[in-house]
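# A closer look at the structure
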Amino acid sequence: MAGDWLGANSFYPGAPDALKHLLATGEAFIVTTKQARFTAALLRDTAGVPFPDDRIFSQTVSGEPKSKVLLSLAAAHPGSTGLHFVEDKLATLEACAADPALADWKLYLVDWGYNTASERARARGRADGRIRVIGMAEFAGLAGEGT
């Protein structure tokens, strides 16, 4: 059954290479609503990305919202620069943008995944500019791969 689930999932073109580059050049973490073991298997077996298990945080295990996990990560890595949170759900990013404790985080809505054109337009139209909409090229740039 797990094999069927893995087979039904795929990565957006360019995402695995960007993740590999992130792992090779810096610290990266995944905060997901999936179970960590499935996320690790997806990354390893489908994308060829051996993402360390201790860098995958699953909400199904912790029950904490992603915003709390981001706060914990920042606290565990004091002095970190370049705190970036890339997400495909606008509601999650809006909750993060509303939390003053996450003011140091740069927030990005990808233009693929679980969002719509109207949500992307809403993110672009925010008066505070806290959420930036990016495509795969910009994501690869954030990962340090260039554009």
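Here's what I pulled together on the structure shown here. (Residues numbered from 1 in each chain as written. Predicted model: local features only at pLDDT ≥ 70, side-chain atom pairs only at ≥ 80, totals over all residues. Heavy atoms only, no water.)

## Section: the overall build of the protein chain
Basically, it comes down to this: For helices the rule is a DSSP run of H or I covering at least 4 residues; for strands it is a run of E covering at least 2, with both sets numbered from the N terminus onward. All radius of gyration figures rest on C-alpha atoms, and the globule criterion is 2.2 Å times the number of residues raised to 0.38. When accessible area is computed with a 1.4 Å probe and restricted to protein chains, residues below 20% of their type maximum are described as buried, those above 50% as exposed, and intermediate ones as partly exposed. Contact criterion: two residues are considered in contact whenever any of their non-hydrogen atoms come within 4.5 Å of each other. Exposure was quantified through the Shrake-Rupley algorithm and a 1.4 Å probe, taking into account, for residues, occlusion by the shown protein chains and nothing else.
Each helix and strand in the protein chain was counted, giving eight helices and five strands. Relative to the globule expectation of 15 Å for 147 residues, the C-alpha radius of gyration of the protein chain, 15 Å, shows essentially globular dimensions. C-alpha extents for the protein chain along the principal axes are approximately 45 × 35 × 30 Å. Here the protein chain holds 147 residues, and 34% of them are scored as buried. Long-range contacts, defined here as pairs at least 24 residues apart, represent 62% of the contacts in the protein chain between residues at least 6 apart. Of the roughly 8200 Å² of accessible surface on the protein chain, 53% is carried by carbon and sulfur atoms.

## A word on the environment of Ala-18
With respect to the helices and strands, Ala-18 occurs in helix α2 (residues 15–25). Ala-18 gets classed as buried once you look at its relative accessible area, which sits at 0%. Placed 52 residues apart in sequence, Ala-18 and Leu-70 show a C-alpha to C-alpha distance of 21 Å.

## Focus on the nonpolar core
Keep this limit in mind: Grouping buried Ala, Val, Leu, Ile, Met, Phe, Trp, Tyr and Cys residues that are joined through side-chain atoms within 4.5 Å yields what is termed a nonpolar core.
Ranked by internal contacts, the top residues of the largest apolar core, which has 18 residues, are Leu-43, Val-49, Phe-51, Ile-56 and Phe-139. At the level of secondary structure, the elements contributing two or more residues to this core comprise α2, α3 (36–46), β4 (106–110) and α8 (136–142). Per-element tally for this core: the top contributor is α2, with three residues. Setting aside residues up to four positions removed in sequence, Ile-56 forms contacts with Ile-30, Thr-32, Ala-36, Thr-39, Ala-40, Leu-43 and Phe-51.

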